[in-house]
Amino acid sequence: MSHNWNLVADIGGTNARFSALLEGHLESQYEFHHSVEEYPEFEHLLAILLQEIKSATGWQNPPSSACFAVACPPDTEIISFTNSHWTFTKTELQTLLGCDTILIINDFEAVAHGITELSEDDLVKVGGETPVANKAVGILGAGTGLGVACLVPHADGYHVLDTEGGHADYSPIDDLQSAVVNALRARFGRVSLERLLSGKGLLNIYTALCSIENTDTNFETPAEVVAAALDGSDTKALQTLNMFCEGVGAAAGNLALTFGAKGGIYIAGGVIPRFQEFFIKSGFRSKFEDKGRFVSYLKSIPVYLVVRSNLGLLGAAKKLQQI
């Protein structure tokens, strides 16, 4: 059985998500999720994926088009992931898929395209007022790394600015954050936003706080730190999660100022929805607005937490519709 169908992918440092969808569609029942660490070679996973798609759909022909959203710079022939061991070339990928058209975009460009298709059920508002029409929208998202993008409106709809803003310098805003940055600088040399405001960043903050006070570390994964913070069983874990939320607030506020994002700020990524209620009640919003003479500028800007899980796939499909 043959159908005209497309393949979209959202590949981060930890998870690789794929969707096989009929041409013209943005969503599909055929989604496939895999763990990056389970596959030493990307090509091995791709071969397994194509067999999974054939088994699930009965479609025997290759995809007409593909859009892969990747957590690394996409504008080179060799795609080498920032936070994983995977690498492949665009030529190899097109050969393996056998498709006519292939797009490689940054994973946060896909997230930005997906933002335009969300409904109220996909969002939780965290302060602010009504977004201003025809103003920029900023997007920030913590996963294995930290993604940053912007939507700029124009006459025909919008344009996505895909950036590597997650690798900008982290700016501490109090003495404890400064101490944490100094501890991390000793490890990494340079300390970017991603070093603190990501899944790995949670563990970096925790280990730095322990080293500052010369105490033993009790946890080895970000998930363990979050769990201990949420159940109140560990003071350092709670301190870590508070610092993380406040850091995201400060970074989101900087993003709003940089882009003039009166159209709103969207917080995406897989990390924060795991502690949604804690995040909403944290110091996130106060640090978002705490910008000296520009408090009033930021106070009205709405922030939305995205709680939809397949945003990258949705955005990759939207990108294909634009070619």
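Reading the values: rules and limits
- Residues numbered from 1 in each chain as written.
- Predicted model: local features only at pLDDT ≥ 70, side-chain atom pairs only at ≥ 80, totals over all residues.
- Heavy atoms only, no water.
- Axes fitted to C-alpha atoms, helices over the stretch in contact; angles between N-to-C directions.
- Helix = DSSP H or I, 4+ residues; strand = E, 2+ residues; numbered from the N terminus.
- Parallel < 35°, antiparallel > 145°, perpendicular 65-115°, else oblique.
- Contact = heavy atoms within 4.5 Å.
- Nonpolar A, V, L, I, M, F, W, Y, C, P; charged D, E, K, R; others polar.
- Pairing = 2+ DSSP bridges.
- Expected span 1.5 Å × (residues − 1).
- Buried < 20%, exposed > 50% of the residue type's maximum accessible area, 1.4 Å probe, protein only.

A. Molecular detail of the packing of helix 3 (residues 107-115) against helix 11 (residues 311-321). One way to put it is that helix 3 packs onto helix 11 with a least axis distance of 7 Å and a crossing angle of 85°. Taken together, the axis directions place helix 3 and helix 11 in an arrangement best described as roughly perpendicular. Taking contact as the criterion, the partners of Glu109, Ala110, Val111, His113, Gly114 and Ile115 in helix 3 are, on helix 11, Leu311, Gly312, Leu314, Gly315, Ala316, Lys318 and Lys319. The residue makeup of the contact of helix 3 with helix 11, split by class, is 6 nonpolar, 4 polar and 3 charged.

B. Up close: the sheet that holds strand 3 (residues 31-35). One open sheet holds the 5 strands; their spatial order is 3-2-1-4-7, and the pairing between them is mixed. With one partner strand each, in any of the chains shown, strand 3 and strand 7 (101-106) form the two edges of the open sheet. Within this sheet the neighbouring strands show an average axis-to-axis angle of 15°, counted without direction. With 6 bridges connecting them, strand 1 (residues 5-11) and strand 4 (residues 65-70) associate as parallel partners. For Ala9, the partnering residue across the bridge sits in strand 4 and is Phe68. Strands in contact with helix 1 (residues 42-57) are strand 1, strand 2 (15-22), strand 3 and strand 4; relative to strand 3, the strand with the most contacts, it is inclined by about 150°. Contacting strand 1, strand 4 and strand 7, helix 3 crosses the sheet at an angle of about 95° to strand 7.

C. Looking closely at helix 5 (residues 199-212). Its 14 residues give helix 5 an end-to-end C-alpha distance of 21 Å, which sits within 8% of 20 Å, the value for a rise of 1.5 Å per residue. A large share of helix 5 lies buried, amounting to 10 of its 14 residues. Looking at helix 5, one finds that the buried residues are Gly199, Gly201, Leu202, Leu203, Asn204, Ile205, Tyr206, Ala208, Leu209 and Cys210. Buried-residue contacts for helix 5 involve helix 4 (175-188), helix 6 (222-230) and helix 7 (235-259). Looking one or two residues past helix 5, Asn214 carries a phi angle of roughly 55°, positive in sign.

Everything listed is a geometric property; what it means functionally is a separate question.
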